[in-house]
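Structural characterization, general
Chain residues, written in single-letter form:
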Amino acid sequence: MTLRFFTLGMTASFGTAWLFAVVLPFFKTIELKPVPYVEAVDEKTGVYFPKRTGQITNGAKVYSQNGCYVCHTQVVRPTYAGNDFHRDGWAGFKADPDRGDTRRESNVFDYQGEEFAQIGLMRIGPDLSNVGSRMEKKAIAANTAKKESLGDAWSDSMKVTPESLLFSHLYNPRSNVSMRWSTCPSVAFMFEEPKAGESVPTSKPDARALVGYLMSMKKNDAVPASMNYSASKPTGK
Amino acid sequence: MSQDSPSPSSSRPDLDEVINVTTAHGSQATAAAAREYRNPGADKEPLSIAAFALCAVMLIVGGAVLGKTSGALFDYQTSIKPNYIRDKAPGVADDVALPPKPILDLYVKKGQSLYSAKCNGCHGADGKGDGANYPSLVGSAWSTGHTERFSQVILNGLQGPTSTGKVYGAGVMPAQGGGMSAQDLAYIMTFIRNSFGNTVGDVVTAEMAQAALDLAAKRPNPSAPVTADELKQYEKDLPGEKVDPATLVDPITLQPVAAK
């Protein structure tokens, strides 16, 4: 076997696979077409075509640079492929007070505008497809509980924001007593030196971009009926 | 004791020509080495290239057949199996119906967010206006009075004196009807009539609000704001079936639920 024969053979066998498994899907998915709403079933017209802007793009870069994708995924699988759908808050909420059942599977638009679809490598930490919605719900619950326990001593300045929950997690993932077991690494280098009495110091731009990106993770928006796989989806009359 | 002769093609440097233990050890062959089996494939290629080619052809043909028959195997446009419908959560009740609420509460809640977007800027978060430029909605004879009159003020705007006869600094309220659906108008009207201390206690339904939109469209000069004079012809309630404000409805579909 000559070196020439060997090289050609290797290139052909790996190249063909690469062509069909990487290049072809890339060109087939890069130009996403908006999904139209059908008025008879969706009760609205127009198209489904979510967009992202600004700081979220920078945050996605920080996310990948710091390897968050090694432990956190961003994909909610259909029920035949896994149980993500039925885990609390992962796919959306089962009983959102305003919208009812907001759960849905990931779709291709969830990764639009990302340099890489950060679907992740392993699930050591929770899925982040809906971390923004989860944090908002958590902040509301925390504020309501605090308000009830404090009564008249409560003031709006004591409000916990969903962002502050994320900053706290990034600076020290084990700061919350119920999270002492967490193996998530701290990214304290994205924060200034802590001053006395400060539990979470001032954030640097990287941390703010990352939190902006994480807060944008609300992948439970209503989709057209053609992309809705619920058994009780609207079918029109 | 048998011993293989060294391979004649010594120009090939591959180890496979000398991996027979006895050959490799040559003259130092011991009894232990001699007991090893001779490797029958030692001098051959690992596998004939024809066998590789045959396997490749079989794989390609097999893949092509699968792709053609299954339909979705190489379809990169869809990420979901054809005809996929979600399974219910195993073992637990998955269909959680939200607890029904009185229709009035829901309309007020929905109206609140619309109010913050459309009306808050002038009439204020407490509905009291500022007393000089923008009138108060609290206790106003028009906002708490006949629904038809109230609806025309919202939809068309208002010029000149308000219900108290006072002309406010802003002079004219711009029309809010642009792009407003009947349901939204119903939410806003119900909210204003039942908030900030107003306690009319009735629900303006979407049916009534639709009648209001039809009326506004029929005005002779639809782009001009209404005046106190014009409003005199609207001194009645909007037509439509009245709804008991305590009716329990589903918070999402807003359809009445059967009382248990």
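If you're wondering where the values come from, they're calculated on a predicted model, not measured in any experiment.

Remarks on the overall build of chain A
- Across its full length, chain A carries six helices and two strands.
- Mapped from its N terminus to its C terminus, chain A presents α and β elements in the order α-β-α-β-α-α-α-α.
- The burial tally for chain A puts 22% of its 237 residues in the buried class.

As for the overall build of chain B
- The secondary structure content of chain B amounts to 10 helices and five strands.
- Taking the contacts inside chain B whose residues are at least 6 apart along the sequence as the reference set, 64% of them involve residues at least 24 apart.

Overview of the environment of F93 of chain A
Residue and element names in this part refer to chain A.
- Note on placement: F93 falls in the loop between α3 (55-65) and α4 (131-150).
- For the pair F93 and R104, spaced 11 residues apart in sequence, the C-alpha separation works out to 9.2 Å.
- Beyond its immediate sequence surroundings of up to four residues, F93 is in contact with T102 and R103.

Some remarks on the interface of chain B and chain A
- Listed by partner, the interface residues are 13 residues for chain B and 18 residues for chain A.
- Tallied by class, residues from the side of chain B that touches chain A come to eight nonpolar, two polar and three charged.

Let's talk about the sheet that holds strand β2 (residues 158-159) of chain B
Residue and element names in this part refer to chain B.
- Pairing is mixed in the open sheet, where three strands are placed in the order β3-β2-β4. In this open sheet, the two edge strands, each paired with only one partner strand, are β3 (172-173) and β4 (226-227).
- Pairing between β2 and β3: two bridges, direction antiparallel. Looking across to β3, one finds that Q159 is bridged to V172.

Some thoughts on the packing of helix α4 (residues 103-118) of chain B against helix α8 (residues 182-193) of chain B
All names here are of chain B.
- The interhelical angle for the contact between α4 and α8, taken along N-to-C directions, is 100°, at an axis separation of 7 Å. Here α8 runs roughly perpendicular to α4, going by the angle between their axes. Packed against α4, whose contacting residues are L104, Y107, V108, K110, G111, Q112, L114 and Y115, the element α8 presents D184, A186, Y187, I188, T190, F191 and I192 at the interface.
- In terms of residue class, the contact of α4 with α8 is built from 10 nonpolar, three polar and two charged.

Some remarks on the nonpolar core
Residue and element names in this part refer to chain B.
- Residues Y107, A186, I188 and M189 are the most contacted members of the largest nonpolar core, which totals 29 residues.
- Contributing elements (two or more residues each) for this core: α4, α7 (147-156), α8 and α9 (206-218).
- At seven residues, α8 tops the list of elements feeding residues into this core.
- Setting aside residues up to four positions removed in sequence, A186 forms contacts with Y107, V204, T205, A206, M208 and A209.

Description of the confidence of the model for chain B
All names here are of chain B.
- Looking at chain B, pLDDT values average 77 and 79% of them are 70 or higher.
- When pLDDT is averaged over each helix and strand of chain B, the minimum, 64, is found for helix α1 (residues 21-25) and the maximum, 88, for helix α3 (residues 49-70).
- Between residues 1-10, whose pLDDT stays under 50, and residues either more than four places distant or in other chains, the model counts nine contacts.
- Across the predicted assembly, pTM comes out at 0.68 and ipTM at 0.70.

Points about the environment of V223 of chain A
Residue and element names in this part refer to chain A.
- Among the structural elements, V223 can be located in the segment after α6 (205-215).
- Taking the C-alpha atoms as reference points, V223 and V47, 176 residues apart in sequence, are found 9.7 Å from one another.
- In this view, V223 contacts Y48, R104, N107 and N228; residues no more than four positions away in its chain are not counted.

A word on the packing of α7 of chain B against α9 of chain B
All names here are of chain B.
- The interhelical angle for the contact between α7 and α9, taken along N-to-C directions, is 60°, at an axis separation of 10 Å. Of the possible angle classes, the one that applies to α7 and α9 is oblique. By crossing handedness, the relation of α7 to α9 is classed as right-handed. The residues of α9 that touch α7, namely those facing T147, E148, S151, Q152, L155 and N156, are M208, A209, A212, L213, L215 and A216.
- Looking at side-chain class alone, the contact of α7 with α9 contains seven nonpolar, four polar and one charged residues.

Thoughts on α4 of chain B
- With 16 residues, α4 of chain B should reach 22 Å at 1.5 Å per residue; the first-to-last C-alpha distance of 22 Å fits that figure.
- Buried residues in α4 of chain B make contact with β1 (101-102), α5 (120-123), α8 and β5 (248-249) of chain B.

Quick word on unusual backbone geometry
Residues and elements named next belong to chain B.
- One non-glycine residue, F196, lies in positive phi territory at about 55°.
- In this structure, F196 sits in the loop between α8 and α9.
- Given 20 C-beta atoms within a 10 Å radius, F196 is considered buried.

What counts, and where the lines are drawn
- Residues numbered from 1 in each chain as written.
- Chains lettered and ligands numbered in written order.
- Predicted model: local features only at pLDDT ≥ 70, side-chain atom pairs only at ≥ 80, totals over all residues.
- Helix = DSSP H or I, 4+ residues; strand = E, 2+ residues; numbered from the N terminus.
- Buried ≥ 20, exposed ≤ 12 C-beta atoms within 10 Å, placed from the backbone.
- Contact = placed C-beta atoms within 7 Å.
- Nonpolar A, V, L, I, M, F, W, Y, C, P; charged D, E, K, R; others polar.
- Pairing = 2+ DSSP bridges.
- Axes fitted to C-alpha atoms, helices over the stretch in contact; angles between N-to-C directions.
- Parallel < 35°, antiparallel > 145°, perpendicular 65-115°, else oblique.
- Core = buried A, V, L, I, M, F, W, Y, C linked by C-beta atoms within 7 Å.
- pLDDT = per-residue confidence, 0-100.
- Left-handed = near helix turned anticlockwise from the far one by under 90°.
- Expected span 1.5 Å × (residues − 1).

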